Amino acid sequence: MARIAPVDRNNPPAAVAEQLSAIRAKLGKVPNALATLAQAPAALNAYLAVNQAIAAGTLSAKERERIALAVAEVNGCEYCLSAHSYSGKFAGLPEDEILAARQGRSADPRAAAIVQLAQAIVAERGRVATAELDKARAAGLSDGEVLEVLANVVANILTNYTNNLSGTEIDFPKAPALAV
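From a predicted model like this one, the values you see are computed outputs, not experimental measurements.

Reading the values: rules and limits
Residues numbered from 1 in each chain as written. Predicted model: local features only at pLDDT ≥ 70, side-chain atom pairs only at ≥ 80, totals over all residues. Heavy atoms only, no water. Core = buried A, V, L, I, M, F, W, Y, C linked by side-chain atoms within 4.5 Å. Buried < 20%, exposed > 50% of the residue type's maximum accessible area, 1.4 Å probe, protein only. Helix = DSSP H or I, 4+ residues; strand = E, 2+ residues; numbered from the N terminus. Contact = heavy atoms within 4.5 Å. Polar contact = N/O pair within 3.5 Å; in protein donor to acceptor, adjacent residues only side chain to side chain. Axes fitted to C-alpha atoms, helices over the stretch in contact; angles between N-to-C directions. Parallel < 35°, antiparallel > 145°, perpendicular 65-115°, else oblique. Left-handed = near helix turned anticlockwise from the far one by under 90°. Nonpolar A, V, L, I, M, F, W, Y, C, P; charged D, E, K, R; others polar. Salt bridge = Lys/Arg side-chain N within 4 Å of Asp/Glu carboxyl O. Disulfide = S-S within 2.5 Å.

> For this particular structure, what's the right way to read the nonpolar core?
Inside soluble globular proteins, nonpolar side chains tend to come together where they are buried. Within the largest apolar cluster, 15 residues are counted, with the highest numbers of intra-cluster contacts made by Ile67, Leu117, Leu141, Val149 and Val153. Elements represented by at least two residues in this core include exactly helix H4 (61-75), helix H7 (109-123) and helix H9 (143-166). Per-element tally for this core: the top contributor is H7, with six residues. If we ignore the near neighbours within four places in the chain, the residues touching Leu117 are Val128, Glu132, Leu133, Ala136, Leu141, Val146 and Val149. Core analysis: the second largest hydrophobic core is formed by 11 residues, Val7, Val30, Leu37 and Leu44 among them.

> Mind showing me how you'd approach the side chain of Gln19 here?
Along the chain, Gln19 falls in helix H1 (residues 14-27). Look at Gln19 and you get buried, because its relative accessible area is 19%. In this structure the side chain of Gln19 is engaged in a polar contact, spanning 3.4 Å, whose partner is the backbone oxygen of Ala15. Other than its neighbours up to four places away in sequence, Gln19 contacts Leu44, Asn45 and Leu48.

> Just checking my understanding: could you explain the packing of H4 against H9 for this structure?
Packed helices, taken two at a time, are described by the angle their axes make and the gap between the axes. Closest axis-to-axis distance for the H4/H9 pair is 9 Å, and the angle between their directions is 45 degrees. When the axis of H4 is compared with that of H9, the two are oblique. Between H4 and H9 lies a crossing of right-handed hand. For the pair H4 and H9, the contacting residues are Arg64, Ile67, Ala68, Val71, Ala72 and Asn75 in the first and Val149, Asn152, Val153, Asn156, Ile157, Asn160, Tyr161 and Asn164 in the second. In terms of residue class, the contact of H4 with H9 is made up of eight nonpolar, five polar and one charged.

> When you look at the pattern of salt bridges in this model, what are you seeing that I'm missing?
Note that side chains of opposite charge can pair when their charged atoms are close. Summed over the entire model, instances satisfying the criterion amount to 10 salt bridges. Lys89 is the partner of Glu95 in a salt bridge, and the nearest nitrogen-oxygen pair spans 3.6 Å. The salt bridge partner of Lys135 is Glu132, with a shortest N-O separation of 3.9 Å. Of this pair, Lys135 and Glu132 both sit in helix H8 (residues 130-138), three residues apart, which is roughly one turn of the helix. When its relative accessible area of 42% is taken as the criterion, Lys135 is described as partly exposed.

> Can you help me understand the environment of Gly167 in this one?
Checked against the element boundaries, Gly167 lands in the segment after H9. Here Gly167 falls in the partly exposed class, since its relative accessible area comes to 30%. Separated by 55 residues in the primary sequence, Gly167 and Ala112 place their C-alpha atoms 30 Å from one another.

> Even after reading the chapter, I still don't get unusual backbone geometry, so can you show me in this structure?
Trans peptide bonds make up most of the peptide bonds, and negative phi angles are found at most residues other than glycine. If you check the backbone angles, Arg125 has positive phi at about 50 degrees while not being a glycine. By secondary structure assignment, the location of Arg125 is in the loop between H7 and H8. Classification of Arg125 by relative accessible area gives exposed; the value is 72%.

> What exactly am I supposed to notice about helix H6 (residues 95-102) here?
Each α-helix turn comprises 3.6 residues. Residues three or four places apart therefore point the same way. Along H6, the positions that sit buried rather than exposed are Glu97, Ile98, Ala100, Ala101 and Arg102. Buried positions along H6 lie against H4, helix H5 (78-90) and H7. At the C-terminal side of H6, Gly104 shows a positive phi close to 75 degrees.

> What am I meant to see in the state of the cysteines here?
A covalent bond between the sulfur atoms of two cysteines is referred to as a disulfide. Counted under the stated rule, the structure contains zero disulfides. This cysteine, Cys77, is not joined by any disulfide, and Cys80 carries the nearest cysteine sulfur, 3.6 Å off. The class for Cys77 is buried, based on a relative accessible area of 0%. Exposure remark for Cys80: the relative accessible area of 3% places this residue in the buried category.

In structure tokens form, the structure reads like this:
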């Protein structure tokens, strides 16, 4: 049971009704995570604004999904692992790459550098070693793309922490545990 309940999607507060309607139109539903963020209109609006901005960046949808998976794994957010395992498939990620992203790996060197950088940013609280940055650059990331990885990490931390704090009920197929 959620420790912070999502807003009533059928009768949302006026301050978030328009945003939830747009989310429903785009996704076909209002996921529990976003309905929970809607308890604080400022939090929902911040999430939506950041995600709109990063979607217009240079990182592809596949790369953004990989980052979401890598960050959710580090932060232990089962909700986001489930949501992005599901949405990652629609972005074109095969199952083996979804699992690899969670482990900070990929068969593609650029994708591997992105997920490793994302996980290092989380684990090191932004104090990433120069060698890690050099590795990302060697894989072809520009400094601008490094900062886009950071922006994606920040957006995902917001939802990871929201779900971990509130105990958001998972409304996507549950992601499998990683084999140890």
